[in-house]
Amino acid sequence: MDFSAIRLELVAALIALGLLVFGLLTPRGKREVIGYIAAAAFLGLLALSFLAPGGGGSFQGGLYLDDPLSLFFKRLFITAAFLVSLMSLRFAKSLEESRSEFFSLLGFSLVGMMMLASANDFVSLYIGLELMSLPLVILTAYDRTSGKSTEAGTKYILLSAISSAVLLFGLSLLFGATGSFSYSDTLKALGSVADDPLVVIGSIMVVAGFAFKISAVPFHMWSPDIYEGAPAPVAAFLAVGSKAAGFAALIRLLLFALPASSGDFPLLILSLSVLSMVVGNLIALPQTNMKRLLAYSSIAHAGYILLGLVAASTAGVAAMLYYLVLYLFANVGIFAALSAFGEAGGSSEISSLKGMWKRSPFMAASLLVCLLSLAGIPPAAGFIGKFYLLAEVARQGKLWLAALALVMSVVSISYYISVIRVIVMEKAEDESRIRVSLANKAILAVSVLVTLGMGVFPAPITEWTRAIAGSIVR
Amino acid sequence: MVESAIGLVLAPLASFILISFVTRRAAILSAVISIAAAGISFALSLSLLVGVLSAPAGAGLAAGAHASIQWLSIPSIGRFRGLEIAMGVLVDPLSATMSVIVSLVAFLVTIYSLGYMKGDPGFSRYFSYLSLFAFSMLGLVIADNYFQTFVFWELVGLCSYLLIGFWYAKPSASDAARKAFVTNRWADFAFMVGVILLFIFFGTFDFGQLSSAIAGARGSAMLALVAALVFVGPLGKSAQFPFHVWLPDAMEGPTPVSALIHAATMVAAGVYLIARGFALFQSVPGVMETMAYLGGFTALFAASIALVQKDIKRILAYSTLSQLGYMFMALGVGSMSAGMFHLTTHAFFKALLFLGAGSVIHATEEQDIFKMGGLGKKMKITAWTFVIGALALSGIFPLAGFWSKDEILFASLSSGHIGLYVLGIAVAFMTAFYMFRLIFTAFGGTAFGGTASGGEPTEHAHVHESGPAMTIPLIVLAVLSVFAGLIGSPWFQSAFGFSFGSFIFFGRPEASHLDMTTASISTVVALSGIFLAWLVYGKKLLKAERIAAALGPLYRLLDHKFYIDEIYAWVFAKIMLGLGIVFDWIDHYIVDGLFDGLGGATRALGRKLRLTQSGRLQGYALVIFAAVAIAVVFISTDLLGGFLK
């Protein structure tokens, strides 16, 4: 059997297992090193994905695809895992007993995400989904001293189970209608039975399962509670990794497996997108907790990114990919700052960020750039990303949709700027300087550089994403 | 070649970043980094020039190099045309020459600043700004399209603003900075509209593609509109009438900055841009004529104001205006090579004069020339280099200014602009007079302050020559002011087979002229200007006060700079401010009210929606199932016989 198509997954799984074993072998006092080893291993994996990208192909007769799209997403996930493990170094210090498991779970979840990106078959899709979610549940509840963390973990596993149930039910209906688990067979069979109510119900349920993962309205309700309760690095991984994995699966499902362009089906994606943009941005306005604010902002961003699937064209998918990259770095930057702030004893209430400008200019400036990117203000990358998405929707004649997205983006500026106002203009009661660890400084620097780089010089990544989208979209 | 071009731009940028973020507290290190970066830029620009020069004769544009990358690409959306913006590097004789001038002057000025700015609390900040300026200016020089030019154009404007207002605690400095910024904004706005229209009409920003596209559109009204709008940009940046008001005030900045930005390089950017986009302007004769006469007028206008100024830097500032006017005049009568030639020589001798003035100010802490005097004996190097600069500026054979000024006078005569020729001669006379008025007053004489104000001596007893960091750049620039003109002389042409004119003008041969009539007339005129200055201020045979009294109204007019500032102040205070009050009212009551209402409503809606988030798990699960059910019912109605529709 040729394992070359899954070599990155194999290495990732080996890393996760290795961390577990390594943790047991290391004497108790010296376990600090595990976090660094995990980060180094993920960085090595990222390097491997660039140095030996593989020639494409598939595993187990098309069950599993190794194509440019999946490679793109895998790099994204590995980058997220690397940055999140760097971010967790300080948090993991408090976990004397179970430190190695923390990083190991991160690794297993990563394997699940990679499977989701490559799955070309409903069974591998489902296994990937659960492999990604279950470790995330444990990670969410990892802070045993915090009631909120435990509550979040409980909520997450119950709601995950519910959404998985919906998804599985949908899959079984589809299997009943077509008799196959493979994407290509399903699409072929559906060509003839697209007007079958079973297929429609099944497809809707499958989409609903992934709408949950990307936290699109009305399947979004878990995310604010869970972001708030989870440790900041875990929330970051949820916000960027899990969401991107959901999009990876959705792109493939909607373009290659489900009869997404027939009947009223496009309306479903359109409503998900519109509802997410409107509800996410509006509820974000009155938020007073930074993590909850970011949760709603991530809901709204799911809406923007879905615009690419509404367009369902090469340029649309390319714009989604571009946006996911910039979204990753902007969010990781913000969460790294929050986690550094938390380490210094700060809370995640927005009002506690007062006077950040004086207390840590570097952190404040990084937050500023990342928030501006999410708000879509040049020269940060968010502007270019939103522009690509809206331009493609407008090109297809849906001017009202582009206008709506624009209006909602204006609304979003209001809450991002009010955070910036607190950071820059309000005076802190406690003016002591905040010490930012070297690892967090590095994350912030990388996030800011990529965010500004993609905003000032968008061409290279644009061409890259267009090439990928061009290679998969018909 | 492209690599060197990119390197020479990036070196100062690296220095700026390094100084701002790393070495801010280590003042001397910052200066060293800045000097090193300027030195690297200079070395690389020399290598560019050598590369361009060693190309085979007549290679024209092919002698250089052109490379660009896609910066931003926006596909067309239906009827709306997409946007393709490139960032590129264009190396040709013109940009190679200009980058040598810019980086050389920047290098010398940075070294000079080491002495001049010693002990200033903003030492590192100063050098970071200098590096930022070098980056912006060199980026402007090697840009290959109008868009990139505009970006760097704004960046040099920003640096100019930052450096004029460098001593921002001084109200006059921050006012001057704002004045410069606002005045330039007006001009830049027209420039920006012009650049946008260029893209709309021709579909490209690229200089090369534009010059062929323009050839096909000759005589059309839109071309005239575009050319006129783009032309306003250089008018602002090069401070030509009626945008000249900011430059004299810009003298509030540190003197080395005045030398670098407000004499040698940035203000010449307007001239450079016109040379760069010569194809555009040449195709609209009306714009060319306007350019020639506006330039000629500014030359005369500014020179006449310079006659009565007392502040050493302001005299030089008005002189710069006047010389820039010369350059515009040359370009306007169609001689790009004469304009660029004068830009080159002027950069050297005007930077020299400003740095000399800086040396004087540094020593005496005084800017009024009538409170100086006898400095020639105390500051020998400064005085001699200053005299060389003044002779070069006055156009005395065989110094640099002689060759370039003659080239301009000859160009206006041979293109049939007799009026401009006569005007140019008059300006040459005034130039020689005001420069030597300055020299005889400040450097000549024996006692301090002995001439006009009746003498309050001994105040400057401590005056002594500046240190080597300041005198060495002076000497280098003095040497250049003597010899730089020779590259445009007939001797150079006969020795090397080419000259400045033929080299820079896209390979089109344009030989150097030495028209004996023009040369002798301008020399005689300049010498008589110096002689008159000597009579009045050296020998004091003629009393300056008596001349001023005899020409009462005219003197007052000149002293008040033709009341232009007052007119602008009136326009701004009455008309602009009045409009501002009206708009403020509309903004405050109507626009704000509207948007406050909208914002309030949006917020209220957000607060209502927030209530859905109860925190109760059952509710969340219910929403998931309900959403699926609604979606199923909605989408499958058609299939189920449409019972809902």
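The shown structure was predicted, so the numbers you read here are calculated from the model rather than taken from an experiment.

Right, let's talk about the overall build of chain A for a bit. Scanning chain A for helices and strands turns up 19 helices and two strands. Summarising its shape, the C-alpha atoms of chain A cover approximately 70 × 55 × 40 Å along the three principal directions.

Let's shift gears to the overall build of chain B. Broken down by element type, chain B carries 27 helices and two strands. Dimensions of chain B along its principal axes, counting C-alpha atoms only, are 110 × 60 × 50 Å. For chain B, buried positions account for 53% of its 645 residues. Across chain B, the fraction of contacts at a sequence separation of at least 24, relative to all contacts at a separation of at least 6, is 78%.

Let us look at the confidence of the model for chain B. Considering every residue of chain B, the mean pLDDT works out to 85; 92% of them sit at 70 or more. Here the prediction assigns the complex a pTM of 0.79, and the interface score ipTM is 0.88.

Here we come to the interface of chain A and chain B. Contact residues are listed per partner, giving 37 residues for chain A and 33 residues for chain B. When residues of the side of chain A that touches chain B are traced back to their parent elements, those giving at least two are helix 6 (147–178), helix 8 (197–213), helix 9 (222–229), helix 11 (265–284), helix 16 (381–395) and helix 17 (399–425) of chain A. Of the residues belonging to the side of chain A that touches chain B, the class tally is 29 nonpolar, three polar and five charged.

Turning to unusual backbone geometry, a few remarks are in order. Going from Pro 378 of chain A to Pro 379 of chain A, the amide bond is cis rather than trans, its omega being 10°. Its location among the elements puts Pro 379 of chain A in the loop between helix 15 (361–375) and helix 16. The step from Phe 241 of chain B to Pro 242 of chain B runs through a cis peptide bond, and the omega angle for that step is 5°. Its place among the elements puts Pro 242 of chain B in the loop between helix 8 (221–237) and helix 9 (246–249). A positive phi angle, close to 50°, is found at Ala 239 of chain B, a residue other than glycine. Position of Ala 239 of chain B relative to the elements: it lies in the loop between helix 8 and helix 9. Residue classification places Ala 239 of chain B among the buried residues on the basis of 29 C-beta atoms within 10 Å.

Another aspect to go through is the packing of helix 15 of chain A against helix 18 (residues 438–456) of chain A. How two helices sit against one another is set out by the angle between their axes and by the gap between those axes. All names here are of chain A. In the contact formed by helix 15 and helix 18, the axes pass within 10 Å of each other and the chain directions differ by 40°. Classified by the angle their axes make, helix 15 and helix 18 are oblique. Where helix 15 crosses over helix 18, the handedness of that crossing is left-handed. When helix 15 is examined against helix 18, the residues Phe 362, Met 363, Ser 366, Val 369, Cys 370 and Ser 373 are found in contact with a partner set consisting of Lys 441, Leu 444, Ser 447, Val 448, Thr 451, Leu 452 and Gly 455. The residue makeup of the contact of helix 15 with helix 18, split by class, is seven nonpolar, five polar and one charged.

For soluble globular proteins, the rule of thumb is that nonpolar side chains tend to be buried together. Counting 206 residues, the largest nonpolar core has Phe 77, Leu 116, Leu 324 and Leu 371 of chain A as the members making the most contacts within it. Broken down by element, the residue count for this core peaks at 23 residues, all from helix 13 (residues 314–343) of chain A. Each residue touching Leu 324 of chain A, except ones within four places of it in the same chain, is listed here: Leu 76, Ala 244, Phe 247 and Ile 305 of chain A. Leu 8, Leu 353, Val 360 and Ala 484 of chain B belong to the second-largest nonpolar core, a separate cluster that totals 202 residues.

Let us now look at the environment of Ile 475 of chain B. Residue and element names in this part refer to chain B. Its place among the elements puts Ile 475 in helix 20 (residues 468–483). Judged by the 15 C-beta atoms lying within 10 Å of it, Ile 475 falls in the partly exposed class. Separated by 241 residues in sequence, Ile 475 and Pro 234 have C-alpha atoms that sit 31 Å apart.

Residues and elements named next belong to chain B. In this fold, Val 525 is placed in helix 23 (residues 516–538). With 98 residues separating them in the primary sequence, Val 525 and Val 427 have C-alpha atoms 9.6 Å apart. Those residues in contact with Val 525 that sit more than four places away from it in its chain are Ile 425, Ala 428 and Phe 429.

Here the focus is the environment of Tyr 272 of chain B. Residue and element names in this part refer to chain B. Tracing the backbone shows Tyr 272 in helix 11 (residues 269–276). C-alpha separation for the pair Tyr 272 and Leu 343, spaced 71 residues apart in sequence, amounts to 8.4 Å. If we ignore the near neighbours within four places in the chain, the residues touching Tyr 272 are Met 98 and Val 141.

What follows covers helix 17 of chain A. Between the first and last C-alpha of helix 17 of chain A there are 37 Å, a value that for 27 residues agrees with the 39 Å anticipated at 1.5 Å per step. Check the buried side of helix 17 of chain A and you find it contacts helix 11, helix 12 (290–311), helix 14 (356–359), helix 15 and helix 16 of chain A together with helix 26 (564–610) of chain B.

We now examine helix 6 of chain A. Taking 1.5 Å of rise per residue, the 32 residues of helix 6 of chain A would be expected to cover 46 Å, and the 46 Å separating its terminal C-alpha atoms lies within 8% of that figure. Residue Gly 179 of chain A follows helix 6 of chain A closely and has a positive phi angle near 75°.

All names here are of chain B. Where helix 1 (residues 2–21) meets helix 4 (residues 123–142), the axes come as close as 8 Å, and the angle between the chain directions of the two elements is 160°. With respect to each other, helix 1 and helix 4 are oriented roughly antiparallel. Here helix 1 and helix 4 pass one another in a crossing that is left-handed. Residues Ala 5, Leu 8, Val 9, Pro 12, Leu 13, Ser 15, Phe 16, Ile 19 and Ser 20 of helix 1 form the contact with helix 4, whose participating residues are Ser 124, Phe 127, Ser 128, Ser 131, Leu 132, Ala 134, Phe 135, Leu 138, Gly 139 and Ile 142.

Parameters and conventions
- Residues numbered from 1 in each chain as written.
- Chains lettered and ligands numbered in written order.
- Predicted model: local features only at pLDDT ≥ 70, side-chain atom pairs only at ≥ 80, totals over all residues.
- Helix = DSSP H or I, 4+ residues; strand = E, 2+ residues; numbered from the N terminus.
- Buried ≥ 20, exposed ≤ 12 C-beta atoms within 10 Å, placed from the backbone.
- Contact = placed C-beta atoms within 7 Å.
- pLDDT = per-residue confidence, 0-100.
- Nonpolar A, V, L, I, M, F, W, Y, C, P; charged D, E, K, R; others polar.
- Axes fitted to C-alpha atoms, helices over the stretch in contact; angles between N-to-C directions.
- Parallel < 35°, antiparallel > 145°, perpendicular 65-115°, else oblique.
- Left-handed = near helix turned anticlockwise from the far one by under 90°.
- Core = buried A, V, L, I, M, F, W, Y, C linked by C-beta atoms within 7 Å.
- Expected span 1.5 Å × (residues − 1).

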